[in-house]
Amino acid sequence: MPRRYEAVYIFDSVLEEAAVTEKLDRFHALIPQSEGVAMDVAHWGKRTLAYPVAGRATGYYVIAKFEAASAMLPEFERALKLDEGLLRHLVVLDEGAQMAPTPSAKDGEEEE
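From a predicted model like this one, the values you see are computed outputs, not experimental measurements.

Draft legend 1. Looking closely at the side chain of Asp12. Within the secondary structure, Asp12 is located in strand E1 (residues 3-12). Dropping the residues within four chain positions of it, Asp12 is found in contact with Arg56, Tyr60, Gly85 and Leu87.

Structure (structure tokens):
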């Protein structure tokens with residue numbers, strides 16, 4: 001059964017947008033898409049990193065949402081790790097629901 005995932009990619013900032021798009025197409029070709037489910041890809045562009053990664057101070061951010069079977073994730077992540085133009089990546093389950101704030105003990109008590 002396919003599940004919804006969200007992937008964050010940070011590419012080397014020296015790559016042009018066309019090169020980033022070509023790499024994304026190669027990565028996403030590994031993900032078999034079911035009919036009627038489109039992959040949502042958002043290019044955030046170049047951003048300053050919180051700390052240097054591989055000697056780089058900036059990176060090109062891309063966020064992608066897709067549906068896939070969990071059995072394909074190891075091969076997908078292996079392909080991501082082998083790419084030298086990709087500084088960091090993170091793939092997480094996209095559960096869709098926003099987290100509600102949990103009430104603290106003080107919220108439940110009434111002041112006297």
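Draft legend 2. Layout of the packing of aromatic side chains. Considering all chains together, one arrives at 5 aromatic pairs under this definition. Where Tyr9 meets Phe11, the ring centres are 6.0 Å apart and the plane angle is 35°; that geometry is what we call tilted. Judged by relative accessible area, which is 0%, Tyr9 ranks as buried. Taken together through their ring pairs, the aromatic side chains of Tyr5, Phe66 and Phe76 make up a single cluster.

Draft legend 3. Structural detail: the pattern of salt bridges. For the coordinates displayed, the defined rule picks out 8 salt bridges. Measuring nitrogen to oxygen at the nearest pair gives 3.6 Å for the salt bridge that ties Asp94 to Arg4. Here Asp94 is found in the loop between strand E4 (86-93) and helix H3 (105-108), whereas its partner Arg4 is found in strand E1, with 90 residues between them in sequence. Overall, Arg4 belongs to the partly exposed group, its relative accessible area being 30%. Two residues, Glu6 and Lys65, come together in a salt bridge whose shortest N-O distance is 3.5 Å. Here the residue Glu6 occupies a position in strand E1, and Lys65 occupies one in strand E3 (residues 56-68), the gap between them amounting to 59 residues. Where salt bridges share partners, they join Arg4, Glu6, Lys65 and Asp94 into one cluster.

Cut-offs applied
- Residues numbered from 1 in each chain as written.
- Predicted model: local features only at pLDDT ≥ 70, side-chain atom pairs only at ≥ 80, totals over all residues.
- Heavy atoms only, no water.
- Helix = DSSP H or I, 4+ residues; strand = E, 2+ residues; numbered from the N terminus.
- Contact = heavy atoms within 4.5 Å.
- Phe/Tyr/Trp six-rings, centres within 6.5 Å; stacked < 30°, edge-to-face > 60°.
- Buried < 20%, exposed > 50% of the residue type's maximum accessible area, 1.4 Å probe, protein only.
- Salt bridge = Lys/Arg side-chain N within 4 Å of Asp/Glu carboxyl O.

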